[in-house]
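Commentary on secondary and tertiary structure
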Amino acid sequence: MKKKIVSVVSILLALLFAVTLTSCQNADQTDVWKNATYTRDTELGSGSKTLTVEVKAQEKTVTFTIKTDKATVGEALMEHQLIAGEEGPYGLYIKQVNGITADYDVDQTYWAFYVNGEYAMTGVELTEITEGAVYQLAYTK
């Protein structure tokens, strides 16, 4: 009888551990999106140029189709308050995209910038808009 109770308690503890672990993992997956401005693909603006910007954080991606008359990706994103950050020695250091904060000093996360799947050689404020290009800002750790 004692062995049976120990076995049942062990099984219950294992199940409780598994449920707790799964809950924590799911909370981490959605946690960065809780302050997001947009959680679905969105079209913004009006203008003669169109750019596509993917915002990727953890397992979720939201795509923005932006119409603008601005010259650079950074100007177009700032026009719609999609990015925020601090001016640094190399230009704008993006800390927030779509309401999602990445702060290397706090949790070693940052926003990586890609153009057509390649790591960008310039920041968003110096990257001119190219029709048909896909830009991505990825929450990175």
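The structure we're discussing is the one just above.
Anyway, here's the lowdown on the structure attached to this text. None of these values were measured; they are calculated from a predicted model. Residue positions are given per chain, counting from 1 as you read along its sequence in written order. At least 70 in pLDDT is required for a residue's local features to be given in this predicted model, at least 80 for side-chain atom pairs to be given and counted, and no such filter applies to totals for whole chains, interfaces and linings, which use all residues. For side-chain calculations, the full set of non-hydrogen atoms in the structure is used, while hydrogens and water are omitted.

With that out of the way, let us pick up the overall build of the protein chain. Only DSSP runs of H or I with at least four residues qualify as helices, and only runs of E with at least two residues qualify as strands; both kinds are numbered from the N terminus onward. Counting its regular elements, the protein chain contains three helices and nine strands. When a residue's accessible area, from a 1.4 Å probe over protein chains only, is under 20% of the maximum for its type it is buried; when over 50% it is exposed; and in between it is partly exposed. In the protein chain, which comprises 141 residues, the share counted as buried stands at 32%. Two residues qualify as a contact provided that any one of their heavy atoms is within 4.5 Å of a heavy atom in the partner residue. Restricting the contact set of the protein chain to residue pairs at least 6 apart, pairs at least 24 apart contribute 47%. When the accessible surface of the protein chain is totalled, it reaches about 9200 Å², and 55% of it is carbon and sulfur. Shrake-Rupley sampling with a 1.4 Å probe provides the accessible areas, and residues are treated as covered by the protein chains on show and by no other component.

The subject of this paragraph is the sheet that holds strand β9 (residues 134-140). Paired strands, in this sense, are two strands between which DSSP finds at least two bridges. Ordered in space as β1-β3-β2-β9-β7-β8, the six strands form an open sheet in which the pairing is mixed. What marks the edges here is a single partner per strand, and that holds for β1 (42-45) and β8 (118-119). Examined bridge by bridge, strand β7 (residues 110-115) and β8 share two bridges and lie antiparallel to one another. Among the inter-strand pairings, tyrosine 114 is bridged to a residue of β8, identified as tyrosine 119.

What the three strands build is an open sheet, ordered β4-β5-β6; its pairing is antiparallel. In this open sheet, the two edge strands, each paired with only one partner strand, are β4 (83-88) and β6 (100-101). Note: β4 against strand β5 (residues 91-97), six bridges, orientation antiparallel. When the bridges of β5 are listed, glycine 88 appears paired with glycine 91.

Turning our eyes to something else, we now look at the nonpolar core. What makes a nonpolar core is a set of buried Ala, Val, Leu, Ile, Met, Phe, Trp, Tyr and Cys residues whose side-chain atoms join them at distances within 4.5 Å. Ranked by internal contacts, the top residues of the largest apolar core, which has 29 residues, are Trp111 and Leu137. For this core, the secondary structure elements donating two or more residues are β2 (49-57), β3 (60-68), α2 (73-79), β5, β7 and β9. Ranked by the residues each element gives to this core, the list is headed by β2, at four residues. Contact partners of tryptophan 111, with chain neighbours within four places excluded, come to Val55, Lys56, Ile94, Lys95, Gln96, Val97, Ile100, Thr101, Ala102, Leu137, Ala138 and Tyr139.

What follows concerns the pattern of salt bridges. By convention in these notes, a salt bridge is any Lys or Arg side-chain nitrogen within 4 Å of a carboxyl oxygen on Asp or Glu. One pass over the full model with this rule turns up three salt bridges. Note that aspartate 103 and lysine 95 form a salt bridge whose closest N and O atoms lie 3.5 Å from each other. Its relative accessible area of 16% is what places aspartate 103 among the buried residues. Beyond isolated ion pairs, a larger network of salt bridges with shared partners links Glu86, Lys95 and Asp103.

Okay, unusual backbone geometry next. Glycine aside, the phi torsion of most residues is negative, and most peptide linkages are trans. Its identity is not glycine, yet asparagine 98 carries a phi of approximately 55°, on the positive side. Mapped onto the elements, asparagine 98 comes out in the loop between β5 and β6. Residue asparagine 98 is classed as buried on the basis of its relative accessible area, which comes to 0%.

Side-chain rings of Phe, Tyr and Trp (the six-membered ring for Trp) are treated as a pair once their centres are within 6.5 Å; stacked means planes under 30 degrees apart, edge-to-face means over 60, and tilted covers the remaining angles. If you walk through the whole model with that rule in mind, you get four aromatic pairs. Relative to phenylalanine 64, the ring of tyrosine 38 lies with its centre 5.5 Å away and its plane at 80°, an arrangement referred to as edge-to-face. Here the residue tyrosine 38 occupies a position in the loop between α1 (2-31) and β1, and phenylalanine 64 occupies one in strand β3, the gap between them amounting to 26 residues. Taking relative accessible area as the criterion, tyrosine 38 reaches 26% and is therefore assigned partly exposed. Seen from their ring centres, phenylalanine 113 and tyrosine 135 are 6.3 Å apart, and the 10° between their planes marks the pair as stacked. With phenylalanine 113 in strand β7 and tyrosine 135 in strand β9, this residue pair connects regions lying 22 residues apart in the sequence. With respect to burial, phenylalanine 113 and tyrosine 135 carry one shared label: buried. As a reminder, the over-ring test applies to NZ of lysine and CZ of arginine, requiring each to be within 6 Å of the ring centre and within 35 degrees of the ring normal. Stacked on the ring of tryptophan 33, the Lys or Arg lysine 60 has its end atom at 5.5 Å from the ring centre.

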